[in-house]
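# Notes for the structure review
As a plain string of letters, each chain reads:
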Amino acid sequence: MKLLDLITQLHNWLSDKDFIWWPFSFLRPDANVLMTSKLTMLMTACFGGLAFLMFTVMAVMNNAFTAETGFVTFLFCFLGFFLWFNFVTKPLWNRRARTLQK
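Structure report, in brief.

The rules we used
- Residues numbered from 1 in each chain as written.
- Predicted model: local features only at pLDDT ≥ 70, side-chain atom pairs only at ≥ 80, totals over all residues.
- Heavy atoms only, no water.
- Helix = DSSP H or I, 4+ residues; strand = E, 2+ residues; numbered from the N terminus.
- Contact = heavy atoms within 4.5 Å.
- Expected span 1.5 Å × (residues − 1).
- Buried < 20%, exposed > 50% of the residue type's maximum accessible area, 1.4 Å probe, protein only.
- Arc of directions from axis to C-beta.

### Structural notes on the environment of P29
By the secondary structure assignment, P29 is in the loop between α2 (18–21) and α3 (37–61). Setting aside chain neighbours within four positions, we find P29 in contact with W21, M35, L39 and W93.

Dropping the structure here:
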């Protein structure tokens, strides 16, 4: 088994778990359906927004929130999820989907 096959299998095994998608499990496509750019943008908005909200609430509760940290948190949350979904999740998911479609 090639390393890329192993990485794809491990990533997709983890991506098939319900807890990974909570609370946005309605966004998870079927295993044989290709993940589109539109879907990854929606995933970025949902997961990035949730992460931003959680980090912001934590900062406010600890009296550590400033406009600068809020902006940086916003960038990291949305940019991080955007990069992960488009450069890791989407290619590996679509690799499996194309295999299952054959």
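### As for helix α1 (residues 3–15)
With 13 residues, α1 should cover 18 Å at 1.5 Å per step; its first-to-last C-alpha distance of 18 Å lies within 8% of that length. Turning to α1, its buried residues are T8, H11, N12 and S15. All buried residues of α1 project into a common sector of 95 degrees when viewed along the axis, lining one side. Projecting away from the buried face of α1 at angles above 90 degrees are the exposed residues L3 and L10.

### Examining unusual backbone geometry
Cis rather than trans, the peptide bond between W22 and P23 has omega equal to 0 degrees. Mapping P23 onto the fold places it in the loop between α2 and α3. Despite not being glycine, N63 has its phi angle at roughly 55 degrees, a positive value. Within the secondary structure layout, N63 lies in the loop between α3 and α4 (67–101). On the basis of relative accessibility, which here comes to 74%, the residue N63 falls in the exposed class.

### Side note on the side chain of R96
Relative to the helices and strands, R96 is located in helix α4. Residue class for R96 comes out buried when judged on its relative accessible area of 16%. With residues up to four places along the chain from it excluded, the contact list for R96 reads N12, D16 and A31.

None of this, on its own, says anything about what the molecule does.
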